[in-house]
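# Per-entry structural report
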Amino acid sequence: MQKQTFASAYRLNPLDSVEDLLIANDWVYKRLTNEELVLSIAGRSCDYNLCFTWNETASLLKMSCEIEDEIPEGKMGEAILVAGELSQNLSLGYLAVDHHQKKVVHHYSLLAGDDDKILDRSYLADVVENILRDCEENFTLIKYFMNKDVCRSDKKLISLLIMPTEGHA
């Protein structure tokens, strides 16, 4: 097995490519460690907190996009139900509820392969764009259901409201 130098091992960290992407978009971020990077982005409806975590041992880049709005008191059941239903229609990843932060979070992971696609800035830009689009498209429904008593009312309403549609009205 060929021994890697420190410089070449460092360049294989996909957070370097994420940083390049963020700099190109003039987004302010914090590189907390060699394995973690965070930033906040203003969306149309709310703000999002993005976190990128690199696990070199597993060759896994984890991305999370936390929806800034907190789940109202007593609405955790609705949040879990809605996140599960909405996850079925996402282009990438899944939605989950962070019980400690009381927020809905979009999760997605990329496994590093032989082709090093995970290091490609344009590929990472597409992934981030898809995640943010999924959050923007679903925020209105999440907010709507946070103000309804879905768990005690007709759960079929959720399925109807989140059904994918074609075209625009």
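Structure's up top.
Residues numbered from 1 in each chain as written. Predicted model: local features only at pLDDT ≥ 70, side-chain atom pairs only at ≥ 80, totals over all residues. Heavy atoms only, no water.

For strand β4 (residues 60-67), a buried count of six out of eight residues is recorded, marking the element as mostly surrounded by other parts of the structure. In this structure, strand β3 (residues 47-55) lies alongside β4, joined through eight bridges in antiparallel fashion. Across the sheet, residue Trp 54 finds its bridge partner in β4, namely Leu 61. With antiparallel pairing between neighbouring strands as the criterion, β3 and β4 make up a hairpin whose turn holds four residues, including Ser 59 at a positive phi of roughly 50°. Pairing of β4 with strand β6 (residues 103-111), which is carried by seven bridges, proceeds in the antiparallel orientation. Counterpart to Leu 61 in the pairing with β6 is Leu 110. (Buried < 20%, exposed > 50% of the residue type's maximum accessible area, 1.4 Å probe, protein only. Helix = DSSP H or I, 4+ residues; strand = E, 2+ residues; numbered from the N terminus. Pairing = 2+ DSSP bridges.)

So, about the sheet that holds β4. By definition, the strands of a sheet pair up through backbone hydrogen bonds, in either a parallel or an antiparallel sense. Taken in spatial order, the six strands make up an open sheet running β1-β2-β3-β4-β6-β5, and their pairing is antiparallel. Of all the strands in the sheet, the pair left with one neighbour each is β1 (29-33) and β5 (94-98). Going from strand to strand, the sheet's axes swing by 25° on average, the running direction of each strand aside. In the packing of helix α4 (residues 121-146) onto the sheet, contacts are made with β2 (36-42), β3, β4, β5 and β6, and the angle to β6 comes to roughly 155°. (Axes fitted to C-alpha atoms, helices over the stretch in contact; angles between N-to-C directions. Contact = heavy atoms within 4.5 Å.)

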